[in-house]
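If you want the building blocks of each chain, they are given just below.
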Amino acid sequence: MASSLTKDSVSPGTPGSEKTFFGHPRGLATLFMTEMWERFSYYGMRALLPLYLVAPGGLGLSAGTATAIYSVYLSLVYLLAMPGGWFGDRVWGPRKTVAVAGGIIMLGHLTLALPYSGTFYGGLGLVAIGSGLLKANISTMVGQLYKGPDDPRRDGGFTVFYMGINLGAFAAPLTIGTIGENVNWHLGFALAALGMGLGLTQFLLGTRHLDARSSVVPKPLSAEEKASTLRKAALWAGVAVVAYAIIGFSGLYTLNWILVPLTLLGVIIPVMVLARIKRDKDLDRTEQSKMSAYIWFFVAAAVFWMIYDQGGSTLSIFADSSAENSVLGWDFPVSWYQSVNPILIMALAPVFAWIWLALNRRGKEPSTIVKFSSGLVLVGVSFFLFLAPLSIADGGHKAAALWLVAIYFVQTVGELLLSPVGLSVTTKMAPAKYASQMMGVWFLAVTAGDATTGLLSTAGVDLDKTGIVALEATLAVVAGFAVWMYRNKVKSLMGDVR
């Protein structure tokens, strides 16, 4: 990375005024490397998780239970991004919150590395909590490196940062997955801890390059607010401890006593948050109208993520049991499929950016609604494509690896159509009062989608059955066409947003 650092000509005192990272403030290198290693640990563990849950040498659970646990875990990561941002804003400031988060994530991976099933779920919980704390705050610090929203380098900085995410996500299954599957599951989880340890070390050594605002608590809690928050937290923690103690001592406890409440929270909380914002009387008529339009995007996104995130659970478990995981006679670990999406993102994102720019110059760039509905239709098409390998497996044969690669390819194209547009429309349509919270609201669409998958799994629905896969695919395609058919109504609600 040192070769990319050059002398900068901006005025002294500006963050990164002496050196730059690909023309950006030097602090971006710190955050780039921190995020890359954190994503390395996160995606490596995620690639191993469903396989370990079903493996005879792992926890030996059913595919349905494994999918439920995986889905609940993902929904918690995104659900906890909102309180994570709150901690950065009200308690510790972004810099301290990220440092604490890195330590919690590393401890979580180390707990997963212990060869005891009793500590496994505690480790998952720690990783989810740490990821939620880190997610919003590290992005906040990237924005703080620049001179406000009009800094011409700002969008490019987030693009470089996004590349760090995908580099970590690409490398993780190839290394952590290989070690976990072929050597020892717990050694794979330990390697994820090492990755987070490297990221945390990089962050602590490079904090001097970050903007001073990253250490500031923007809206610190008053003494009264702190006391009230602690009382409420203690009350709810006490209720949970007593309830689960009663369940445990009565002999009624099963894993569903954890999974079902968490999946329900993952569906209920996003609905409550949207309803609270929509009912807020401080919003003017224009803001209310935009929120009505945003609910269309939110529900559609929840359907998208419900299917998309099964690429790491339903598809991965299917590949483990029913796919020919080899190319030209060369066998590879199942976890390697999880590297397909990030490498495609890195290859296709610049192509899509060029296409949109070229179409915009001709006045032919598709609208936000068209891009969004197209992404939703494509994720449905990916599951229609999934019916082919399912049919091959039902016939007693192993499905070719290229079937799965094709599914991931279609899903990635859908992601590039929907995800960046969703992020953009969230910032554009956010009411002024909720400007800093709306990105957390967007993450709640992922929470709702994954929680729905978890709820179906805990209810005993086999998500790898032909009928269910076809139903999910049809739901996504119909939802995509519904958004497109009502595009004029949604456009009128969006006001000046395009």
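All values reported here derive from a predicted model rather than from experimental measurement.

(A) A look at the overall build of the protein chain. Across its full length, the protein chain carries 17 helices and seven strands. Its C-alpha radius of gyration of 23 Å places the protein chain within 12% of the 23 Å reference for a compact globule of 498 residues. Along the first, second and third principal axes, the C-alpha set of the protein chain runs to 65 × 55 × 55 Å. Here the protein chain, with 498 residues, has 49% of them falling under the buried criterion. Of the contacts made within the protein chain by residues no fewer than 6 positions apart, 79% connect residues no fewer than 24 positions apart. When the accessible surface of the protein chain is summed, it comes to about 22,200 Å², and 67% of that surface belongs to carbon and sulfur atoms. A gap of 8 Å separates the mean positions of the 36 positive and 28 negative side-chain charges of the protein chain.

(B) Seen up close, helix α16 (residues 466-485). Here α16 is 20 residues long and its end C-alpha atoms lie 28 Å apart, about the 28 Å a rise of 1.5 Å per residue gives. Three or more residues of α16 are buried, namely Val469, Glu472, Ala473, Ala476, Val477, Ala479, Gly480 and Val483. Buried residues in α16, looked at end-on, bunch into an arc of 155°, giving them a common side. Turned more than 90 degrees away from the buried face of α16, the exposed residues are Gly467, Leu471, Val478 and Met485. Against the buried residues of α16 lie α10 (285-308), α13 (368-394) and α17 (487-494).

(C) Up close: the confidence of the model for the protein chain. Looking at the protein chain as a whole, the pLDDT averages 89, with 94% of positions reaching at least 70. With pLDDT under 50 throughout, residues 1-17 is counted as low confidence; its partners more than four residues away or in other chains account for 28 contacts.

(D) Just a nonpolar patch on the surface, in detail. Taken together, the side chains of Leu252, Tyr253, Trp257 and Ile258 present a nonpolar region at the surface, about 380 Å² in accessible area. Residue position: Leu252 is located in the loop between α8 (223-249) and α9 (256-279). Overall, the relative accessible area of 55% leaves Leu252 in the exposed class.

(E) Molecular detail of the packing of aromatic side chains. Counted under the stated rule, the structure contains 25 aromatic pairs. Ring geometry for Tyr52 and Trp185: centres 5.8 Å apart, planes at 65°, overall edge-to-face. With Tyr52 in helix α1 (residues 27-54) and Trp185 in helix α7 (residues 185-206), this pair connects stretches of sequence that are 133 residues apart. With respect to class, Tyr52 is no different from Trp185; both count as buried.

(F) Inspection of the environment of Ser492 at higher detail. Its place among the elements puts Ser492 in helix α17. For Ser492, a relative accessible area of 52% puts it in the exposed group. Through-space distance from the C-alpha of Ser492 to that of Ser289 is 8.5 Å; in sequence the pair is 203 residues apart.

(G) Geometry of the pattern of salt bridges. In total, this model carries seven salt bridges according to the counting rule given. When the shortest N-O distance is used, the salt bridge between Glu225 and Arg90 registers 3.0 Å. Pair noted here: Glu225 is in helix α8 and Arg90 is in helix α3 (residues 81-90), with a separation of 135 residues, a long-range link. We note a salt bridge from Arg213 to Asp211, for which the minimum N-O separation is 2.9 Å. When salt bridges with common partners are traced through the structure, they connect Glu35, Glu38 and Arg39 into a single cluster.

(H) Here's a closer look at the packing of α1 against helix α2 (residues 63-79). Between α1 and α2, the shortest axis-to-axis distance is 8 Å and the interhelical angle comes to 155°. Relative to α2, α1 is oriented roughly antiparallel. Judged by the sense of rotation from one axis to the other, the crossing of α1 with α2 is right-handed. Judged by residue contacts, Tyr42, Met45, Arg46, Leu49, Pro50, Leu53 and Val54 of α1 engage Ala63, Ala66, Ile69, Tyr70, Tyr73, Leu74, Val77 and Tyr78 from α2. Looking at side-chain class alone, the contact of α1 with α2 contains 14 nonpolar, no polar and one charged residues.

(I) Focus on the nonpolar core. Among the nonpolar cores identified, the biggest contains 101 residues, and Met45, Tyr73, Phe120, Tyr294, Trp305, Tyr337 and Leu404 are the most heavily contacted of them. Among the elements that take part in this core, α10 stands out by supplying 13 residues, more than any other. Filtering out sequence-adjacent residues up to four positions away, Tyr73 remains in contact with Tyr42, Met45, Leu49, Leu124, Val127 and Ala128.

(J) Broad picture of the packing of α2 against helix α15 (residues 438-458). Taken N-terminus to C-terminus, the directions of α2 and α15 make an angle of 160°; their axes are 8 Å apart at the nearest point. By the angle between their axes, α2 is roughly antiparallel relative to α15. For the element pair α2 and α15, the recorded crossing hand is left-handed. Where α2 approaches α15, its residues Gly64, Thr67, Ala68, Ser71, Leu74, Ser75, Tyr78 and Leu79 are matched on the opposing element by Phe443, Leu444, Val446, Thr447, Asp450, Ala451, Thr453, Gly454, Ser457 and Thr458. Taken together, the residues that form the contact of α2 with α15 break down as eight nonpolar, nine polar and one charged.

(K) How the structure looks around the side chain of Ser75. Looking at where Ser75 falls in the secondary structure, it is placed in helix α2. Those residues within four positions of Ser75 in sequence are excluded, and the remaining contacts are Thr447, Asp450 and Ala451.

(L) How the structure looks around α15. Counted at 1.5 Å a residue, the expected span for α15 with its 21 residues is 30 Å, and the 30 Å between its end C-alpha atoms agrees. Among the 21 residues that make up α15, 17 are buried, leaving the element largely enclosed by the rest of the structure.

(M) Region of interest: the side chain of Glu35. Counting through the fold element by element, Glu35 comes out in helix α1. If we ignore the near neighbours within four places in the chain, the residues touching Glu35 are Leu134, Ile138, Phe161 and Ile165.

(N) Spotlight on the environment of Asp284. Its place among the elements puts Asp284 in the loop between α9 and α10. For Asp284, a relative accessible area of 42% puts it in the partly exposed group. Between the alpha carbons of Asp284 and Pro431 there is a distance of 8.8 Å; along the sequence they are 147 residues apart. At 2.7 Å, the side chain of Asp284 forms a polar contact with the backbone nitrogen of Glu287.

(O) Molecular detail of unusual backbone geometry. Of note, the phi angle at Leu328 is positive, near 55°, even though the residue is not glycine. Its location among the elements puts Leu328 in the loop between β5 (326-327) and β6 (330-331). Relative accessible area serves as the criterion here: at 88%, Leu328 is assigned to the exposed category.

Cut-offs applied
- Residues numbered from 1 in each chain as written.
- Predicted model: local features only at pLDDT ≥ 70, side-chain atom pairs only at ≥ 80, totals over all residues.
- Heavy atoms only, no water.
- Helix = DSSP H or I, 4+ residues; strand = E, 2+ residues; numbered from the N terminus.
- Rg over C-alpha atoms; globule rule 2.2 N^0.38 Å.
- Buried < 20%, exposed > 50% of the residue type's maximum accessible area, 1.4 Å probe, protein only.
- Contact = heavy atoms within 4.5 Å.
- Areas by Shrake-Rupley, 256 points an atom, 1.4 Å probe, with all protein chains shown as cover.
- Lys, Arg positive; Asp, Glu negative; His and termini not counted.
- Charge placed at Lys NZ, Arg CZ, Asp CG, Glu CD.
- Expected span 1.5 Å × (residues − 1).
- Arc of directions from axis to C-beta.
- pLDDT = per-residue confidence, 0-100.
- Patch = residues over 30% accessible without salt bridge, like charges linked within 9 Å, V, L, I, M, F, W, Y side chains within 5 Å.
- Salt bridge = Lys/Arg side-chain N within 4 Å of Asp/Glu carboxyl O.
- Phe/Tyr/Trp six-rings, centres within 6.5 Å; stacked < 30°, edge-to-face > 60°.
- Axes fitted to C-alpha atoms, helices over the stretch in contact; angles between N-to-C directions.
- Parallel < 35°, antiparallel > 145°, perpendicular 65-115°, else oblique.
- Left-handed = near helix turned anticlockwise from the far one by under 90°.
- Nonpolar A, V, L, I, M, F, W, Y, C, P; charged D, E, K, R; others polar.
- Core = buried A, V, L, I, M, F, W, Y, C linked by side-chain atoms within 4.5 Å.
- Polar contact = N/O pair within 3.5 Å; in protein donor to acceptor, adjacent residues only side chain to side chain.

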